[in-house]
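Geometric and topological summary
Chain by chain, the residues:
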Amino acid sequence: MADEVVEGCDVFAKSLKNQGVEYVFGIVGIPVIELAMAMQKEGIKYIGMRNEQAASYAASAIGYMTGKPAGCLVVSGPGLVHAFAGMSNAMENCWPMIVIGGSSEREQDKMGAFQEYPQVECSRLYSKFSCQPSSIARIPFYVEKAYRNSIYGRPGPVYIDIPGNMVMAQVPEKTVRYVPQCPPPPRMCAAGADVKRAIDLLSTAKSPLVIVGKGAAYGQCEAELKTLVEGCKLPFLPTPMGKGTLPDEHPLCVAPARSKALQDADVVLLLGARLNWILHFGAPPRFRPDVKIIQIDICPEEIGNNVPPAVGLVGDLKSVLGQFNEELSKRSPKFVFSSSSNWWKTLNEKLEKNRISVQNNSEDKTVPLNYYAAFDEVNKIIPRDAIVISEGANTMDISRTCIPNSLPRHRLDAGTFGTMGVGVGFAIAAAVYCRDYAPNKRVICIQGDSAFGFSGFEVETVCRYRLPIVFIIINNNGISKSFGEEVFNSLEETDRLLSHPPTVLSPNARYEKVLEAFGGNGYFVNTPEEIQKALKESMANKKQASMVNIMISTMADRRQQAFSWLDSVQPSKM
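Below is a summary of the structure that appears in this document. From a predicted model like this one, the values you see are computed outputs, not experimental measurements.

So, on to the overall build of the chain. For the chain, the helix and strand inventory stands at 22 helices and 19 strands. Counting only C-alpha atoms, the chain reaches 85 × 70 × 45 Å along its principal axes. Expressed as a percentage of its 574 residues, the buried residues of the chain come to 57%. When contacts within the chain are restricted to residue pairs at least 6 apart in sequence, long-range pairs at least 24 apart make up 77% of them.

In structure tokens:
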């Protein structure tokens, strides 16, 4: 009897399945069409996208939400280059994902083959690990190694290259040695002496602050964090994607007093966040010159980056917070920060002042609406347990203030890399995941009109897979401030390449019509009543996607900041 043979694409698909990969996003073409089919045969869910950028963003979002990498399948050359956007975004955000790229046949190497490109070498800039299997029989080894590199230590993207002549080539099945599933990352604890020093310092603070980063959300340490913060009555401040690790409406959350909290804290407990541009590098005037940082990070190289910590603890955040709580439980008297302290009095005064300011803006229902008034209407309708994706400079920043998050890993935005264009890909990933694991949960994608344009045609993907995402477009006719249709039309006789400011987009653009073209429901609204009606109908429809295109004032802006330096660092693309 002849030996059974197996094709390379089947070995690759089975190897991914064995490692626990559940979703793959991508665009097929030569030479990876058969690979996508083999994945589906193995039971891996393949989502065909319209652009590799959006596919790579979607795969990375699954990694963030679940801690398990999804795949991104791309063709050779330009296909992989387009995916570098998502790989670099995942690398900066520390999210796991596996990019699989077809490549030209090995026999044509350096001959100028179709879409020949140094893919393994180029991917090293955007990934933790980059490889090309040496043979079909060795594919399982490389897949497991890539998977492990993606989730161990600081998470991140990895790249596996598969030459075209490997996809359909056959080898004896007995020569293939499949590798067992990679175990979850080991939970590392910090040195016990460092834990004690950190608690000693925290207990002497006169104005302590806990900063909760997206690393805390990714680390799924919400139970341990709740025990620490509530047990010690510590004020906490979430970073944008740290929101919801503890509820934004928690009485100890000081997000509305963010600037004051950062500026005057004397001891900061930094959890799953980095002192990068988002936190102004830990430097004055955002922070006190004499602030003492207690830094916890999975990556040793991050300890002391930009600001030397008073105490640096290397370890898994869930485990280290468990150590904190265990040490605190042994201490007598129990450490509880006083709610009657001057620090809490200062924070509460600032919280109330900012609450009134936001409320005043929200209650101004003059049409065309400002950002705060529009979000006030949105917030009245969308569920508290919705996954919210938000991008678009002011749209993203102001929605963070106006739309609270109650659950961890339920907010995704431009992130550490300040990447615009992630919204639709993130929303697709969230909706696919919810369809399988939380069928009653809604996905809300809030975007500025400029941000929607980056990957707007992916709404075809949304409709093709019948994903009931609710899109909300905050439309001000441009990037940041713009002008209305009357002024736009008055420039008809001029050379628009010279007369139109770079921030101007088409006035009153009917973005909802793009969704309608593929079978979704679109709404073009201006008033509070129209917003509420459109959103109620959208939320009631659980079978089709909807888009509510909200026209706001072209001159709408965020609240005036207390200090000019608060606006000194902005995402490169707004």
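Back to the write-up after that little detour.
Taken as a whole and assessed by the stated rule, the structure comprises zero disulfides. With no disulfide of its own, Cys463 lies 13 Å from the sulfur of Cys445, the closest cysteine sulfur. Assessed through its relative accessible area of 16%, Cys463 is described here as buried.

As a packed pair, helix α3 (residues 52–66) and helix α4 (residues 78–93) sit with axes 7 Å apart at the nearest point and diverge in direction by 35°. Considering the relative orientation of α3 and α4, their crossing is right-handed. In contact with Glu52, Gln53, Ser56, Tyr57 and Ser60 of α3, α4 contributes Gly79, His82, Ala83, Ala85, Gly86, Met87, Asn89 and Ala90. A class-by-class count of the residues in the contact of α3 with α4 yields five nonpolar, seven polar and one charged.

Once that is clear, we can look at the sheet that holds strand β9 (residues 208–212). Pairing is parallel across the open sheet formed by five strands, whose spatial order is β10-β9-β11-β12-β13. In the strand order of this sheet, the two ends are held by β10 (236–238) and β13 (311–314), each with one partner. Adjacent strand axes in the sheet meet at a mean angle of 15° when their direction is disregarded. One ladder, built from four bridges, connects strand β12 (residues 292–297) with β13; its direction is parallel. Counterpart to Ile296 in the pairing with β13 is Leu313.

In this section: the pattern of salt bridges. Counting across every chain of the model gives 32 salt bridges. A salt bridge links Arg400 to Asp413, with the shortest nitrogen-to-oxygen separation between them at 4.0 Å. One end of the pair, Arg400, is in helix α15 (residues 394–402); the other, Asp413, is in the loop between β15 (411–412) and α16 (423–437), and 13 residues separate them in sequence. The class for Arg400 is partly exposed, based on a relative accessible area of 24%. On the accessibility criterion, Asp413 (3% relative accessible area) is buried.

Here the focus is the nonpolar core. One finds Phe25, Met49, Ile389, Leu412, Ile428, Val443 and Ile469 to be the most contacted residues of the largest nonpolar core, which totals 60 residues. When neighbours within four sequence positions are excluded, Ile389 is seen to be in contact with Leu412, Gly423, Phe426, Ala427, Ala430, Val443, Ile444, Cys445 and Ile446. One finds Leu209, Cys232, Ala257 and Leu321 within the second-largest nonpolar core, a separate group that totals 55 residues.

Within strand β14 (residues 387–391), five of the five residues are buried, leaving the element largely enclosed by the surrounding structure. Because side chains alternate across β14, one face comprises the buried residues Ile387, Ile389 and Glu391, and the other comprises Val388 and Ser390, equally buried. Where β14 lies against strand β16 (residues 443–448), five bridges are found, and the strand directions are parallel. Bridge pairing in β16 places Ile389 opposite Cys445. Relative to β15, β14 runs parallel, the two sharing two bridges.

With the rule as written, the count across this model stands at two cavities of 30 Å³ or more. Roughly 50 Å³ of internal volume is contained in the largest cavity. Of the residues belonging to the lining of the largest cavity, the class tally is six nonpolar, two polar and one charged. Looking at the second largest cavity, its volume works out to about 30 Å³. For the second largest cavity, the full set of lining residues is Ser15, Asn18, Gln19, Pro140, Val143, Glu144, Tyr178 and Val179. Sorting the residues of the lining of the second largest cavity by element identifies α1 (8–18) and α6 (139–151) as the ones contributing at least two each. Element by element, the count of residues in the lining of the second largest cavity is highest for α6, at three residues. Here the residues of the lining of the second largest cavity are counted per class, giving four nonpolar, three polar and one charged.

Analysis parameters
- The written sequence of each chain sets the order in which its residues are numbered from 1.
- Selection of residues for local features in this predicted model requires a pLDDT of at least 70, selection of side-chain atom pairs for listing and counting requires 80 or more, and totals for whole chains, interfaces and linings are taken over all residues.
- Excluded from the side-chain calculations are hydrogens and water; all other atoms, namely the structure's heavy atoms, are used.
- Under the scheme used here, helices are H or I runs from DSSP no shorter than 4 residues and strands are E runs no shorter than 2 residues, and both carry numbers assigned from the N terminus.
- Each residue is assigned to one of three classes by its accessible area relative to the maximum for its type, calculated with a 1.4 Å probe on protein chains only: buried under 20%, partly exposed between the two thresholds, exposed over 50%.
- By definition, residues are in contact when any of their heavy atoms lie within 4.5 Å.
- Criterion for a disulfide: a pair of cysteine sulfur atoms within 2.5 Å.
- In this analysis an axis means a line fitted to C-alpha atoms, helices contributing only their contacting stretch, and an angle means the value between N-to-C directions, from 0 to 180 degrees.
- Crossings are assigned a handedness: left-handed for a near helix turned anticlockwise from the far helix by less than a right angle, right-handed for a clockwise turn.
- As a working rule, the residues Ala, Val, Leu, Ile, Met, Phe, Trp, Tyr, Cys and Pro are called nonpolar, Asp, Glu, Lys and Arg charged, and the rest polar, with Gly in that last group.
- Two strands pair if DSSP finds at least two bridges between them.
- One side-chain nitrogen of Lys or Arg within 4 Å of one carboxyl oxygen of Asp or Glu is enough to make a salt bridge.
- Side-chain atoms within 4.5 Å link the members of a nonpolar core, which is a set of buried Ala, Val, Leu, Ile, Met, Phe, Trp, Tyr and Cys residues.
- Buriedness for pockets is judged along seven lines, at least five of which must meet protein on both sides within 12 Å for an open set on the 1 Å grid over protein atoms alone, while cavities are sets there where a 1.4 Å probe fits but cannot get out, and lining residues have an atom within 4 Å of a point.
- Grid points are joined across faces, edges and corners, and a volume is the space filled by probe spheres set on the points.

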